[in-house]
Structures are given as structure tokens and as C-alpha cells.
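Residues per chain, in single letters:
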Amino acid sequence: MSKKILIFIGPPGSGKGTQAKLLAKNYGYKHISTGDLFRALAVDQNASEKEKQALEEMKAGKLVPDWLVYGLAFKEVKKNLDAGVGVVLDGAIRNLEQAQEYQKFFEKNGWGNEVQAVEVSLSDEESFNRLTKRRICSKCGEIIPYLPSTKDLVSCPKCGGELVLRKDDSEEVIKERIELQGNKTLSPILNYFSQNGVLTKVDGTKSIDEVEKEIQKVINV
Ligand SMILES: [Zn+2]
């Protein structure tokens, strides 16, 4: 029997978002991405003035204030768990303090023992490769991730079109992203869940299918 609160953690390019979505779909859980919650709030006509202001500041490059993260994510978690639906949290926890705040919130609601953290592990080097070497089909726009199963493809598996490198960001920007969201930053969060005895780790270098199977194995113990 798996836990009701699954927290996915992994560096950029690890595929944790893909895996979180797959798992939510397979288990009938709700996938909760804080990025999606912010995007939804931005078009929500009932957003408060304070929330709107925080979103404006976010656009200008400021960090999302903790109260907004908690306000949106906690509400969504509670809504689903109260209705008996498990949740998969994706990208919700960015530092140790947030991990502790989430845990307090879970305990306050009687879900202290319902937490399982899943680390999709990937080295910073592999993370960099995946973000700089993924390709896109020049004909149909299909994105080809840099994975063992796809890195040697010479043409689009969907339409046969030519594959070209997809460079959204400069290597400098990607390096900075890995510096901020990579293993160095994740380490205290992972330690925290490990000390709580709720951390499981899967090897993110494998194919999407293999990682998915491995996750299903570890969350059902
Ligand atoms: Zn194509």
C-alpha cells in the first residue's frame, strides 16, 4: 500500500516531472506542480491583491514568497486528501526550511505518516548534458530528450523529420540553473527525508519506462 503524499525530488533534466505525472495518472493521484499553481493563479479572477502583487514581483525575477507557496500548495493538498485522493508533489520543495514547513503542515492534519519522498537521482554532469543536448524535430516539433534510448536517433520517430539541437537557454544559464536547483541544493532536503526514514532513491539515468517501473516497485513496499 503506498503512502498518500508522494514528494518527487530531482535535479533539472532528471525527468521527475514526467515521472510524477505518470505516477499520478497510474494511481489516480493528483499531480500538484507549484509552477502550474502559479500559472493558474495568474489567470484566476478571484486572486487577491496581495497575490497579484507577488506574481508581478515574481515576473520581475524575485523569489516566490513562502506564504504564497504554502497558501497555494497546502490548500490543494488538503482539498485532495480530504476527498480521499492521494497527491504527488512536483517541484514543491526548494529548501530545507520548506521541507520542514510542509512536514509540520502534514502532521497538523494527521498525515505525518503518509509521506514518501522519491529521489530521481542524476549527476549534475548528466543534468547538464540532458539540458544542452536535447533535440527537436524540425518538421513536427516533437522534443527528443537526451536519454540512452533516444540519444542515437537520427530522425524523428513520429514523422521522420530532421532533428536539430534545441537550445532554449545558453550554457551559462543552464549552468546557473543546475547550481541553484542541482544536487548541492537538494542535498539538505534529501538528508532531511532520509533522517525521517521516508526517502527512496531511483536511478534517473535509466529510460523513462525503467524509471517508472522502479518507482512503482519502491513505493509499494
Ligand atoms: Zn517529427
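Here's what I pulled together on the structure shown here. (Residues numbered from 1 in each chain as written. Predicted model: local features only at pLDDT ≥ 70, side-chain atom pairs only at ≥ 80, totals over all residues. Heavy atoms only, no water.)

The next subject is the sheet that holds strand S7 (residues 163-165). The strand order S6-S5-S7 describes an open sheet built from 3 strands, whose pairing is antiparallel. Two strands in the sheet have a free side with no partner beyond their single neighbour: strand S6 (143-144) and S7. Where strand S5 (residues 135-137) and S7 come together, 3 bridges link them in antiparallel fashion. Across the sheet, residue Cys137 finds its bridge partner in S7, namely Leu163. (Pairing = 2+ DSSP bridges. Helix = DSSP H or I, 4+ residues; strand = E, 2+ residues; numbered from the N terminus.)

Glancing now at the coordination of the zinc ion. Ligation of the zinc ion by protein atoms is provided by Cys137 (SG), Cys140 (SG), Cys156 (SG) and Cys159 (SG), these donors lying 2.3 to 2.4 Å from the ion. For the zinc ion, the 4 donor atoms in the first shell make angles of 101 to 116° at the metal, a pattern classed as tetrahedral. The sequence motif formed by the donor residues of the zinc ion is C-x2-C-x15-C-x2-C. We classify Cys156 as buried; its relative accessible area is 4%. Accessibility expressed as a relative area gives 32% for Cys159, which makes it partly exposed. (Donors = N, O, S within 2.8 Å, 3.2 Å for Na, K, Ca; no water. Tetrahedral: all angles 85-135°; square planar, octahedral: opposite > 155°, others 65-115°. Buried < 20%, exposed > 50% of the residue type's maximum accessible area, 1.4 Å probe, protein only.)

Contact pair helix H4 (residues 66-82) / helix H5 (residues 96-108): the axes reach a minimum separation of 11 Å and the direction vectors enclose 35°. Judged by the sense of rotation from one axis to the other, the crossing of H4 with H5 is right-handed. Listed contacts from H5 to Asp66, Val69, Tyr70, Ala73, Phe74, Val77 and Lys78 of H4 are Glu97, Gln98, Glu101, Tyr102, Phe105 and Phe106. Residues belonging to the contact of H4 with H5 are distributed by class as follows: 8 nonpolar, 1 polar and 4 charged. (Axes fitted to C-alpha atoms, helices over the stretch in contact; angles between N-to-C directions. Left-handed = near helix turned anticlockwise from the far one by under 90°. Contact = heavy atoms within 4.5 Å. Nonpolar A, V, L, I, M, F, W, Y, C, P; charged D, E, K, R; others polar.)

With that out of the way, let us pick up the sheet that holds strand S4 (residues 115-121). Spatially, S2-S3-S1-S4-S8 is the arrangement adopted by the 5 strands of the open sheet, whose pairing is parallel. Both edges of this open sheet fall to strand S2 (30-33) and strand S8 (199-203), since each of them pairs with a single strand only. The average undirected angle you get between the axes of adjacent strands in this sheet is 25°. Of the pairings in the sheet, the one linking S4 to S8 comprises 5 bridges and is parallel in character. Within S8, the position partnered with Ser121 by the bridge is Asp203. The strands that helix H2 (residues 34-42) touches are S2 and strand S3 (87-90); relative to S2, the one it contacts most, it runs at about 75°. Sheet strands in contact with H4 are strand S1 (5-9), S2 and S3, and its direction is about 175° off that of S2.

Let us look at the environment of Leu165. As for its position among the elements, Leu165 is in strand S7. For the pair Leu165 and Thr132, spaced 33 residues apart in the sequence, the C-alpha separation amounts to 8.1 Å. In contact with Leu165, not counting residues within four places along its chain, are Thr132, Lys133, Arg134, Arg135 and Ile136.

Before going further, it helps to spend a moment on the pattern of salt bridges. Counted according to the given criterion, the structure contains 12 salt bridges. The residue Lys16 makes a salt bridge to Asp90 at a minimum N-O spacing of 3.4 Å. One end of the pair, Lys16, is in helix H1 (residues 16-27); the other, Asp90, is in strand S3, and 74 residues separate them in sequence. Of the two residues examined, Lys16 and Asp90, each falls in the buried class. The shortest N-O distance in the salt bridge between Glu101 and Lys104 comes to 3.0 Å. Remark: Lys104 and Glu101 occur in helix H5; sequence separation between them is 3 residues, near one turn of the helix. In the salt-bridge network here, residues are joined through shared partners; they are Lys30, Glu76 and Lys79. (Salt bridge = Lys/Arg side-chain N within 4 Å of Asp/Glu carboxyl O.)

The next point concerns the packing of aromatic side chains. Using the criterion set out here, one finds 9 aromatic pairs in the structure. Relative to Tyr29, the ring of Tyr27 has its centre 5.9 Å away and its plane inclined at 75°; by these criteria the two rings are edge-to-face. Exposure remark for Tyr27: the relative accessible area of 24% places this residue in the partly exposed category. With centroids separated by 5.4 Å and ring planes inclined at 70°, the aromatic side chains of Tyr192 and Phe193 adopt a geometry described as edge-to-face. With a relative accessible area of 14%, Tyr192 lands in the buried category. Look at Phe193 and you get buried, because its relative accessible area is 1%. Feature note: the residues Tyr70, Phe74, Tyr102, Phe105, Phe106 and Trp111 constitute an aromatic cluster, connected by ring pairs. For the cation-ring pair, Lys50 lies above Trp67, with the distance from its terminal atom to the ring centre recorded as 4.2 Å. (Phe/Tyr/Trp six-rings, centres within 6.5 Å; stacked < 30°, edge-to-face > 60°. Lys NZ or Arg CZ within 6 Å of the ring centre and 35° of its normal.)

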